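Take a look at the letters that make up each chain.
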Amino acid sequence: MSDLDLLTQSLARNVKRWRAERGFTLDALAARAGVSRGMLIQIEQARTNPSIGTVVKIGDALGVSVTTLLDYERGPRVRIVPAEQAVRLWHTEAGSYNRLLAGTEAPGPLEMWDWRLMPGDRSPSDPHPAGTVELVHVLAGRLTITVDGVDHDVPTGASASFEADTPHTYANDGDAPMEMVMAVSVPPVR
């Protein structure tokens, strides 16, 4: 079984599990996530590989991290994620990418990401649930974060945090690759 097949199977199993645990019908989850009922059926039957945006919306609606939705199996309290098992969920032909490094559910979803944006690349994000906070630390290059239409420059070595319940975009307007580590904290579903 390929890595992609394993992820598709894990996503199917975990979406079903968390939907049942939350007591959501397919229609209720579709409405909460802003994803069609048909897409959820395809995901739960492991018949599609949805975009990262769709997986994030489903995770936000369920109140669990993307890591939890893609987790192959429930493991011990200490979970080591070898570098080769970090999941690349987005990339461009220019060489930009993000990788989900680790995540947990304490007390709501908490994720750690590794990002690279090549010069001229940008990655827009829909608003996350109210109370979601993102933290970034730029390791190389220069990051431009646009939050609710306002640009913020984050140079090498600097960090930033912001409330991510509004549209936001990560961009590299410079001439060198930008690398950052990002943490996303989503409040638990009530």
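For the structure itself, look to the data block above.
Conventions adopted
- Residues numbered from 1 in each chain as written.
- Predicted model: local features only at pLDDT ≥ 70, side-chain atom pairs only at ≥ 80, totals over all residues.
- Heavy atoms only, no water.
- Salt bridge = Lys/Arg side-chain N within 4 Å of Asp/Glu carboxyl O.
- Helix = DSSP H or I, 4+ residues; strand = E, 2+ residues; numbered from the N terminus.
- Buried < 20%, exposed > 50% of the residue type's maximum accessible area, 1.4 Å probe, protein only.
- Arc of directions from axis to C-beta.

**Some words on the pattern of salt bridges**
Inspection of every chain in the model, using the stated rule, returns nine salt bridges. In this structure, Arg19 and Glu44 form a salt bridge, with 2.6 Å as the shortest nitrogen-oxygen distance. On the criterion of sequence distance, the pair formed by Arg19 in helix H1 (residues 3–22) and Glu44 in helix H3 (residues 37–44) is long-range, its members being 25 residues apart. Residue classification places Arg19 among the buried positions, given a relative accessible area of 17%. Here Glu44 falls in the buried class, since its relative accessible area comes to 8%. A salt bridge links Arg22 to Glu21; its shortest N-O distance comes to 3.9 Å. Classification of Arg22 as partly exposed rests on a relative accessible area of 28%.

**Things to note about H3**
Within the span of H3, buried status applies to Leu40, Ile43 and Glu44. Projected down its long axis, H3 carries its buried residues within an arc of 90 degrees, all on one side.

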